[in-house]
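Chain and residue survey
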Amino acid sequence: MKTTPFTDLHIALGAKMAEFAGYNMPIEYNGIIEEHLNVVNNVGVFDVSHMGEFWVKGPNALAFLQKVSSNDASKLAVGQVQYCCFPTEEGGIVDDFLLYRYEEEKYMMVPNAANVEKDWAWCQKHNTMGAELENASDNIAQLAVQGPKATEVMQRLTNINLSEISYYTFKVGEFAGCPNVIISATGYTGAGGFELYFYPEYAEKIWKALFEAGKPEGIMPAGLGCRDTLRLEMSFCLYGHDIDDTHSPIEAGLGWITKLVEGKEEMVGRKLLEEQKAGGLTRKLVSFELQDKGVPRQHYEIANEAGEIIGEVTSGTMSPCLKKGIGMGYVAKEYAKVGTPIAIVVRGRKLKAEVVKAPFRK
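Positions within a chain are numbered from 1, following the residues in the order the chain's sequence is written. The model is predicted, so local features are restricted to residues of pLDDT at least 70 and side-chain atom pairs to those at 80 or more, both for listing and for counting; the totals for chains, interfaces and linings are taken over all residues. Side-chain metrics rest on all non-hydrogen atoms present in the structure, leaving aside hydrogens and water.

**A few points about the overall build of the chain**
Basically, it comes down to this: The way it works is that DSSP assigns letters per residue, a run of H or I at least four long becomes a helix, a run of E at least two long becomes a strand, and they are numbered from the N terminus. In this scheme, a residue with accessible area under 20% of its type's maximum is buried, one over 50% is exposed, and one in between is partly exposed, where area comes from a 1.4 Å probe on protein chains only. For this analysis, residues touch if any pair of their heavy atoms sits within 4.5 Å.
If you tally the helices and strands in the chain, you get eight helices and 19 strands. For the chain, the spread of C-alpha atoms along the principal axes amounts to about 60 × 50 × 40 Å. The proportion of buried residues among the 362 residues of the chain is 59%. Excluding contacts between residues fewer than 6 apart, the proportion of contacts in the chain whose partners are at least 24 apart in sequence is 65%.

What follows is the structure, encoded as structure tokens:
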């Protein structure tokens, strides 16, 4: 298994480790529920150094991004971030990613750890215009410092005014005495906070500085287990669960990042996405809450009140904040309206549920 610059620190802290996307990653330290609630109420630190980073540079960078990205990269100013996906010709999604405009002709893509090799091959295949591409995934470490107290903890370690970094923007500067650190506010927990991108040689220094600075706020390390429950309470999609190469961004409710505008005529999969946007959907991704006791899991069937199978669960858990079963799944479009009664089939039992408005945690 691959390691991150923090692997030895996780093991020393007694983290429960497991393979994820080819990496030896911490799943939990003190328990998923405790870590989840600490992020929601205080501040937690996630090692997300396994994520990928691709640089896209040069005069043809924008043309390349307009072809492979679902979103409209021409709207990005330097210092801004976009949520995007790679659509396929067949109406699926290769991966979702963040796009940073670092300089006028320099962008950074941040894809999912499990898809780095696939995404890199996809980018190279579609780089017909000669943009300069660099896979920097092994040369960049990343921490996500999440929670309502993240700002006051991190402000002690930088002269950058963190209150000026609004949602989906970033700044570059010194942090904990380390130069050229990207500080962004994109978040995958819904609890506020920032992401730090930096060279791996600064990893231990930044980690120790954060935990020293955050002692008064009860800072804790957080594992991938609670990262999943946190994102699910916000109805954020997870690749391989709620989005994949068999579901389109329109079906997944990601029409807001699918821009079929002038200047994107060469976008991969555009024709099919235009048809779907015009009303050609048969299924939609919904969020639901269980009314009966139980925990929904991926691949459980979803039924209507008559007992007919109308879809499948893509993500599910027992919500630490709501203390009830919650999930997401694809259903036939006529059952996608908020308030629609449905049932989750759990080992032959049909548990009552209802389609609800996202997110679960307001």
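Having seen the structure, we can now continue with the description.
**A short note on the pattern of salt bridges**
So the rule is basically this: We define a salt bridge as a side-chain nitrogen of Lys or Arg found within 4 Å of a carboxyl oxygen belonging to Asp or Glu.
As enumerated under the stated definition, the model contains 13 salt bridges in all. Note that Lys-215 is salt-bridged to Glu-212, the shortest N-O span being 3.1 Å. Of the charged contacts, one joins Arg-231 and Asp-242 as a salt bridge, the two residues approaching to 2.8 Å between their closest N and O atoms. You can see Arg-231 sitting in helix H7 (residues 224-233) and its partner Asp-242 sitting in the loop between H7 and helix H8 (270-277), a full 11 residues away along the chain. For the pair shown, Arg-231 and Asp-242 are each scored as buried. Each of Lys-57, Glu-132 and Glu-134 takes part in a single network of salt bridges with overlapping partners.

**Brief notes about the sheet that holds strand S19 (residues 349-356)**
For clarity, the cut-off: A pair of strands is labelled paired if DSSP reports no fewer than 2 bridges between them. To obtain each axis, a line is fitted to C-alpha atoms, and for helices this fit is confined to the stretch in contact; angles are then taken between N-to-C directions over 0 to 180 degrees.
Ordered in space as S14-S17-S16-S15-S18-S19, the six strands form a closed barrel in which the pairing is antiparallel. Sheet twist, expressed as the average angle between the axes of neighbouring strands with direction ignored, equals 45°. Where strand S14 (residues 283-290) and S19 come together, four bridges link them in antiparallel fashion. Across the sheet, Phe-288 pairs through a bridge with Val-355, a residue of S19. Packed onto the sheet, H7 meets strand S16 (309-318) and strand S17 (325-332) and runs at close to 125° relative to S16.

**Digging into the pairing of strand S4 (residues 54-57)**
By the alternation rule, side chains of S4 split into Phe-54 and Val-56 and Trp-55 and Lys-57, which are all buried. In terms of strand pairing, S4 meets strand S7 (residues 106-111) through four bridges, oriented antiparallel. Along S7, the bridge assignment pairs Phe-54 with Met-109. As paired elements, S4 and strand S8 (residues 132-135) share four bridges and run antiparallel to each other. Each residue of the ladder has a partner; that of Lys-57, found in S8, is Glu-132.

**Focus: the packing of aromatic side chains**
What counts, and what does not: Aromatic rings from Phe, Tyr and Trp, taking only the six-membered ring of Trp, are treated as a pair when their centres fall within 6.5 Å; an angle between ring planes under 30 degrees marks them as stacked, one over 60 as edge-to-face, and anything in between as tilted. Note on geometry: a ring has a charge over it if NZ (lysine) or CZ (arginine) is within 6 Å of the ring centre and within 35 degrees of the ring normal.
On inspection of all chains with the given rule, the structure shows 13 aromatic pairs. When the centroid spacing of 5.3 Å and the interplanar angle of 40° are considered together, the rings of Phe-6 and Trp-207 count as tilted. With Phe-6 in the segment before helix H1 (7-12) and Trp-207 in helix H6 (residues 203-213), this residue pair connects regions lying 201 residues apart in the sequence. Under the relative-accessibility criterion, Trp-207 is labelled buried at 5%. One aromatic cluster in this structure is built from Trp-55, Tyr-100, Tyr-102, Phe-170 and Tyr-197. The residue whose ring lies beneath Lys-106 is Trp-55, and the NZ or CZ to ring-centre distance is 4.4 Å.

**Thoughts on the nonpolar core**
To keep things clear, this is the line we draw: What is meant by a nonpolar core is a set of buried Ala, Val, Leu, Ile, Met, Phe, Trp, Tyr and Cys residues, joined one to another through side-chain atoms within 4.5 Å.
Counting residues in each nonpolar core, the largest one holds 38 residues, and the members touching the most others are Phe-46, Tyr-100, Met-108 and Ile-243. Looking at this core, the elements that each hand over two or more residues are helix H2 (32-41), strand S5 (81-87), strand S6 (93-103), S7, H7 and S17. Every residue in contact with Ile-243, bar those within four places of it in the chain, is listed here: Tyr-83, Ile-93, Asp-96, Cys-237, Leu-238, Ala-252, Leu-254 and Tyr-330. Formed by 33 residues, the second largest nonpolar core is a distinct cluster that contains Ala-15, Ile-206, Leu-210 and Ala-213.

**Some thoughts on the UniProt feature "domain: GCVT N-terminal" (unreviewed entry) in the chain**
Inclusion rule: UniProt positions are given in the numbering used here, feature names are shortened, and annotations may be inferred rather than shown by experiment.
Taking the UniProt record as the reference, the feature "domain: GCVT N-terminal" (unreviewed entry) is found at residues 7-260. Across residues 7-260, helical content stands at 24% and strand content at 30%; the span's end C-alpha atoms are separated by 42 Å.

**Quick notes on the UniProt feature "domain: Aminomethyltransferase C-terminal" (unreviewed entry) in the chain**
Summarizing the sequence annotation, UniProt attributes the feature "domain: Aminomethyltransferase C-terminal" (unreviewed entry) to residues 283-360 in the numbering used throughout. Across residues 283-360, the secondary structure splits into 0% helix and 55% strand, with the terminal C-alpha atoms separated by 21 Å.

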